Amino acid sequence: MIARLDHATHTTARMQVAGQPFLKLDRVDKTFARGSTSTNVLSDVNLTIERGEYVAVIGHSGCGKSTMLNLIAGLTPVTSGAVLLEGLEVNEPGPERAVVFQNHSLLPWLTCYENVKLAVDKVFSGLKSKAERHDWVLHNLDLVNMVHAKDRRPSEISGGMKQRIGIARALAMEPKVLLLDEPFGALDALTRAQLQDSVMDIHGRLRNTVIMITHDVDEAVLLSDRIVMMTNGPSATIGEVLDIRLPRPRKRLDLVEDKEYVHGRAAVLEFLYARHKAPQVEAAE
Amino acid sequence: MQQLAVREPLIATPAGALPASVSALVGAAAVAPVATIETRPTNPSAAKPIATRPARAGWAARSLEWIGTAVVPPVLVVLALLLVWELACASPKSSLPAPTKIWAESQDLILNPFFVAGPQDLGLGWRVLTSLQRVAVGFGLAAVVGIGLGCLVGQSQWAMRGLDPIFQVLRTVPPLAWLPISLAAFRDANPSAIFVIFITAIWPVIINTAVGIRNIPQDYRNVAQVLRLNQLEFFWRIMVPAAAPYMFTGLRIGIGLSWLAIVAAEMLTGGVGIGFFIWDAWNSSKLSDIVVALVYIGLVGFVLDRLVAYVGKLATRGTAAA
Ligand SMILES: Nc1ncnc2c1ncn2[C@@H]1O[C@H](COP(=O)(O)OP(=O)(O)OP(=O)(O)O)[C@@H](O)[C@H]1O
Ligand SMILES: [Mg+2]
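Values in this document were obtained by computation on a predicted structure and should not be read as measured data.

**A closer look at the nonpolar core**
In step 1: Core analysis: the largest hydrophobic core is formed by 151 residues, its most contacted members being A:Leu23, A:Leu25, A:Ile211 and A:Ile227.
In step 2: At 14 residues, helix H13 (residues 231-269) of chain B tops the list of elements feeding residues into this core.
In step 3: Aside from chain neighbours lying at most four places away, what touches A:Leu23 is A:Leu47, A:Thr48, A:Ile49, A:Ile72, A:Val83, A:Leu84, A:Leu85 and A:Ile211.

**Re helix H3 (residues 112-123) of chain A**
It helps to recall that an α-helix has 3.6 residues per turn; residues three or four apart then point in one direction.
In step 1: When the terminal C-alpha atoms of H3(A) are compared, their 17 Å separation across 12 residues agrees well with the 16 Å that a helix rising 1.5 Å per residue should span.
In step 2: Within H3(A) the residues assigned to the buried category are A:Cys112, A:Tyr113, A:Asn115, A:Val116, A:Lys117, A:Leu118, A:Ala119 and A:Val120.
In step 3: At its buried positions, H3(A) is contacted by helix H4 (130-143) and helix H5 (159-172) of chain A together with helix H12 (218-227) and H13 of chain B.

**As for unusual backbone geometry**
In step 1: The step from A:Arg248 to A:Pro249 runs through a cis peptide bond, and the omega angle for that step is -5°.
In step 2: Here A:Pro249 lies in the loop between strand S10 (238-243) and helix H8 (252-255).
In step 3: We note that A:Ser235 has phi near 55°; this positive angle belongs to a residue other than glycine.
In step 4: Within the chain, B:Ser285 stands out as a residue other than glycine whose phi angle is a positive 55°.
In step 5: Given a relative accessible area of 60%, B:Ser285 falls into the exposed group.

**Remarks on helix H11 (residues 189-214) of chain B**
In step 1: The end-to-end C-alpha distance of H11(B), which contains 26 residues, comes to 38 Å, matching closely the 38 Å that a straight helix rising 1.5 Å per residue would cover.
In step 2: Of all the bends in H11(B), the greatest reaches close to 30° and is centred on B:Ile202; the proline B:Pro204 follows between one and four positions later.

Each value, and the rule that gives it
Residues numbered from 1 in each chain as written. Chains lettered and ligands numbered in written order. Predicted model: local features only at pLDDT ≥ 70, side-chain atom pairs only at ≥ 80, totals over all residues. Heavy atoms only, no water. Core = buried A, V, L, I, M, F, W, Y, C linked by side-chain atoms within 4.5 Å. Buried < 20%, exposed > 50% of the residue type's maximum accessible area, 1.4 Å probe, protein only. Helix = DSSP H or I, 4+ residues; strand = E, 2+ residues; numbered from the N terminus. Contact = heavy atoms within 4.5 Å. Expected span 1.5 Å × (residues − 1). Bend = angle between axes of the 7 residues up to and from the residue.

Written as structure tokens, this is what we have:
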């Protein structure tokens, strides 16, 4: 089960043209320094991700998952090592690595349409005509089934709808990598399942590369091709990478009894709760 | 100033409390703007009317209720105060005029704000307009420069370190203390008065704008970074809308201070304004005229305050509902 090797042969074949992995974290280290104290959050993180892969990152709270995502997004600089996208070093944020933030972070003074439009106008300013950009905004709102609420402001829609708009905004940038930081964390179970299905559906159609942080073991196994499991901080790193070889499209009800699904689920649970317990739980025992 | 600010929550703010980093900028001195900012954010959904059209009878009943609750009590109190005043100043030896005496002596001023009977014999409406013109120029400049400087100070750590101590010292200088120096610099009454307005109104605008900029959530900055918005786009698309509630808080305090300062400045510079009118009336012992002018000043100040508040409400409709 433990495989850091590239498994998706069809995608690797496409990538081999340039002879380099699509996205690569190469001996990444991150230390936050504040005054005289410094905390080493991530240490020696190595990971390669192929085009079209759906990768989930799981780990206990505070281990550095968001930090890792921000490094890939370019929002925080690495201390040492490098993040390489198609062989080029990432050193600033950009629309080719679109982020869906945990708290949606829609701009409250813009309507849902305008929030997506802002991104589309910026990314496609020279590439699409005005009418094409308008259609592109609507197309992306349609992907997340939110056209009906396009003229409402974020304060006037539910949490799940906000998250949908956040996803539409990110998708509309046509990113090379879609970065999701606990995208469904604040939602109730039903809404969460609905959105998971939407995301699976969109990933099935667009085949985009996705890195998703999650706390939810089922979500990780259901959605991803690989699950990256982080050890506890400080100086967290990747403990294990688990391949999920479930055929797509996946149906949540069919999977409940599936051997591979049950096995993957057990492996993640075992990693999180037997071998890498949350520090405070460990201390209590 | 403090009273003006605390009286009611001016505008809902997107961020409730101020982060610690802001308190350094604001300091203990800037009590008024901060008190305003920290007032509880109003709930936007609660304020929204339910989308049913009220029946005609309901409308009538509600306007009756409004008259009952918002009009009748202040009218009664004013009548009572006038009565007390009348009784207190009824004796012929009283040093201040009673209402009936004011009515008898200054009827023309009360009834006709826009008469012209000579170069210095104008209706109070004209005088107020002259003063308002000065306020418009001075306050307009203060708004533009203040928001600009506030953005700079809010955005740049270095600008804050360099400018904030200077602001904190200058903002405590009373408006009229600037007058001699501006008279010396401009050698003319009108630009001096405008400068006094400007220098009085600019501090709350700067400080509130800077606080607003500092309070822009990191999320919005991240969004801007991911989209690679340039400086200008960031300013118009993120900074201005995100900090607008704070900016309007500053502007509202600023317009109040402007109106306070113009009257004082005009007393000294002369000319046609309402301030000089009071001074002139005092010199010719027309106490009744002074009382009428005070009422004018109060009403105009009230209208100005409400006007800025209303514009702020319109402009920040989206922002306030974070
Ligand atoms: N800007 C920063 N300065 C200093 N320390 C930081 C900073 N950002 C994060 N940290 C520290 O890095 C560690 C990892 O934080 P991070 O937000 O990446 O955790 P996480 O795995 O995303 O947790 P959660 O699952 O709760 O979101 C934490 O201990 C945090 O205190
Ligand atoms: Mg996190």
